[in-house]
Amino acid sequence: PVTHAADLVVFGGTGDLSMRKLLPALYHSDRDGRLAPETRVIALSRGGLTDADFRGKVDAEVRDSVPVDDPGVWQRFLGRLHHVSVDVGHGAGTEAGSGWSALATLLAGHEDRDRIFYLASPPRTFGPFCREAHEAGLVTPRSRVVLEKPLGNDLASAQRINDEVGAIFDERQIFRIDHYLGKETVQNLLVLRFANAFLEPIWNSLWIDHVQITAAETVGTPGRRGYYDHAGALRDMVQNHLLQLLTLTAMEPPARNDREAIRDEKVKVLQALRPIAGGEVERFTVRGQYTGAGDLPGYLDEPGSTPTTEMSSRVETFTAIRAEIRNWRWAGVPFYLRTGKRMPYRRSEIVVQFKDVPHAIFPGGTPNRLVLRLQPEEGIELHIMAKEPGAGEVALQPVPMSLSFGETFTARVPEAYERLLTDVLAGNPTLFMRRDEVEAAWRWIDPIQDAWKATAGLPEPYPAGTTGPAGAHELLGRSGRAWHEEE
Ligand code: BG6
């Protein structure tokens with residue numbers, strides 16, 4: 001369906017996220033006929049570009065990354081683009097803040113459109129941006145604001161940002177992005193669990209031994225030191241993406257497919273996470289940092305926009321955590337979370353490891369396993385035991401029953417940002433994080449972060465291109481388990 005006419009104002013509109021993800025996603029929406037003819041994209045930056053400059057930049061940098069089968073559609077898309085130079089932090093009424101009046105002029109007369117402020121900028125700008133947009137008279141009843149991650153770097157800063165943004169926008173107007181929620185498999189997880197009868201009765205500690213949630217990346221962090229030194233894998237990936245996957249895996253069935261019902265259930269999972277604090281971090285968490293190997297530089301030798309400091313040597317580029325959910329369904333079932341840069345493969349998956357059969361009558365069986373793959377290709381695999389063909393003794397073999405989305409469905413699988421932008425334009429916040437969710441996640445992360453900070457020890461080194469430090473293997477090995485790919 002075509003979304004309501006909108007002015008989509010992107011702060012940080014010429015930045016990396018905008019050029020690599022947002023503009024291609026919007027182009028796809030346009031190409032598929034989902035954007036209303038009047039919809040405009042207004043990029044804000046300090047860059048001093050004209051509309052023509054910005055269109056030229058997008059033509060040069062984005063065109064080759066998207067399928068342009070009809071040049072007319074590409075021209076129509078470029079025609080939607082505008083640029084206004086705006087800097088925040090000076091006050092909308094000051095001379096330095098004069099970009100706001102240029103933006104006001106462009107938006108004037110279009111109050112009947114949805115007005116979306118997409119903040120693809122560092123979190124410290126969220127509060128000032130909203131305040132100045134309000135002072136400039138730009139916030140209409142049809143306005144929404146989209147906040148990119150990271151939402152702060154601990155609970156206190158997240159609360160402050162939420163307060164500042166909440167002073168201008170109602171919670172129902174605030175869309176906090178976690179792009180993992182836009183991935184097809186993640187949404188499919190809910191369908192798999194709640195539109196099929198066979199899984200839910202066994203989706204608990206009686207039948208499930210443990211769950212593994214992995215987001216492994218081959219990339220390092222070149223050029224990102226300024227951000228990454230302050231973030232690390234825990235804040236960059238676990239606080240948001242991995243915990244979101246955990247909540248969707250563990251949540252109780254909501255009564256309705258409705259924004260609040262689903263988010264209510266997710267929050268309850270976060271609130272039930274057993275805190276890990278103080279000396280416990282040694283037992284339940286592992287930190288690693290990649291070192292140079294072959295052609296690959298170590299974290300400390302990656303070219304960065306800022307110099308290497310003492311902080312750089314303390315930051316984790318890998319972490320593995322044994323999380324526990326204290327409720328009836330999950331008591332005693334560990335949820336192992338793991339993420340790292342410069343691992344040997346790019347793979348994100350949720351692995352649900354079932355227990356063994358209660359009584360084995362055939363030798364050689366292995367317990368069932370359900371793998372939900374988010375990356376590289378999206379798909380679902382159920383490993384079941386089957387009999388090897390043959391007339392002799394019964395021999396068992398695990399075989400995968402697999403669903404590859406790419407092979408099963410002919411429709412193009414949209415990128416996460418495309419789905420999420422469509423939802424923003426349609427005003428549907430189900431796949432966005434509510435304030436209490438973000439804060440509950442920080443409440444669990446903060447004590448881990450604090451305990452790490454308090455120890456003198458450094459992250460364990462692991463050579464670039466390997467599966468993480470030895471500690472990560474011990475974390476499971478101690479209870480006789482192993483990471484999925486290592487068996
Ligand atoms: C981002 C992180 O949120 O997610 C990056 O800041 C990370 O460090 C990226 O590389 C991973 O996203 P994806 O979709 O490639 O798994």
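Residues numbered from 1 in each chain as written. Predicted model: local features only at pLDDT ≥ 70, side-chain atom pairs only at ≥ 80, totals over all residues. Heavy atoms only, no water.

As recorded in an unreviewed UniProt entry, the chain goes by the name Glucose-6-phosphate 1-dehydrogenase, listed as coming from Nonomuraea fuscirosea. UniProt's Catalytic activity (unreviewed entry) comment on the chain is quoted here verbatim: "D-glucose 6-phosphate + NADP(+) = 6-phospho-D-glucono-1,5-lactone + NADPH + H(+)". (UniProt positions renumbered as here; feature names shortened; annotations may be inferred.)

Trainee: Just give me the short version of the nonpolar core, but keep the residues and values in it.
Mentor: Grouped together as the largest cluster of nonpolar side chains are 116 residues, with contacts concentrated most on V58, Y118 and W444. Ignoring any residue separated from it by four or fewer positions in sequence, one finds Y118 in contact with L8, V9, V10, F11, L17, L22, V146, E148, I177, Y417 and L421. A216, V286, V315 and Y462 belong to the second-largest nonpolar core, a separate cluster that totals 18 residues. (Core = buried A, V, L, I, M, F, W, Y, C linked by side-chain atoms within 4.5 Å. Buried < 20%, exposed > 50% of the residue type's maximum accessible area, 1.4 Å probe, protein only. Contact = heavy atoms within 4.5 Å.)

Trainee: Can you explain the UniProt feature "active site" (unreviewed entry) in the chain? Please cite residues and give values.
Mentor: In this numbering, the UniProt entry assigns the feature "active site" (unreviewed entry) to H241. Structurally, the position occupied by H241 is in helix α8 (residues 225-250). For H241, a relative accessible area of 2% puts it in the buried group. Ignoring sequence-local partners within four residues, the contact set of H241 consists of K149, D178, H179, Y180 and D236. (Helix = DSSP H or I, 4+ residues; strand = E, 2+ residues; numbered from the N terminus.)

Trainee: Quick one: what's the story with the UniProt feature "binding site: substrate" (unreviewed entry) in the chain, residue by residue and with numbers?
Mentor: The feature "binding site: substrate" (unreviewed entry), as given by UniProt, occupies H179, K183, E217, D236 and K341 in the numbering adopted here. Excluding anything up to four places from it in sequence, H179 contacts H241, A416, Y417 and L420. Looking at the element boundaries, D236 is found in helix α8. By relative accessible area, which is 2% here, D236 ends up buried. Those residues in contact with D236, other than ones at most four positions away along the chain, are K149, R224, Y227, Y228, A231, H241 and K341. Here Y227 takes part through its side chain, which lies 2.5 Å from a polar atom of the side chain of D236. (Polar contact = N/O pair within 3.5 Å; in protein donor to acceptor, adjacent residues only side chain to side chain.)

Trainee: So, the site of the ligand: which residues are in play, and what are the values?
Mentor: All residues adjacent to the ligand are K149, H179, Y180, K183, E217, R224, D236, M237, H241, K341, R346 and Q375. Here R224 contributes a side-chain N or O atom positioned 2.8 Å from an oxygen atom of the ligand. For the ligand, the protein covers 81% of the area, taking 400 Å² as the surface of the free molecule. Ranked by the residues each element gives to the shell around the ligand, the list is headed by α8, at 3 residues. For the shell around the ligand, a count of residues per class yields 2 nonpolar, 3 polar and 7 charged. (Near = heavy atom within 4 Å. Areas by Shrake-Rupley, 256 points an atom, 1.4 Å probe, with all protein chains shown as cover. Nonpolar A, V, L, I, M, F, W, Y, C, P; charged D, E, K, R; others polar.)

Trainee: A description of the sheet that holds strand β15 (residues 460-463) should follow, citing residues and the corresponding values.
Mentor: What the 9 strands build is an open sheet, ordered β14-β13-β12-β11-β7-β10-β9-β8-β15; its pairing is mixed. Strands at the two margins of the open sheet, each flanked by one partner only, are β14 (396-404) and β15. Each adjacent strand pair in this sheet contributes to an overall mean axis angle of 20°, direction not counted. The strands touched by helix α7 (residues 184-194) within the sheet are β11 (347-354), β12 (369-375) and β13 (379-387), with β12 carrying the most contacts at an inclination of about 150°. The sheet contacts of helix α15 (residues 470-477) involve β7 (208-216), β8 (285-291), β9 (318-323), β10 (335-340) and β15, and relative to β9 the element is tilted by about 15°. (Pairing = 2+ DSSP bridges. Axes fitted to C-alpha atoms, helices over the stretch in contact; angles between N-to-C directions.)

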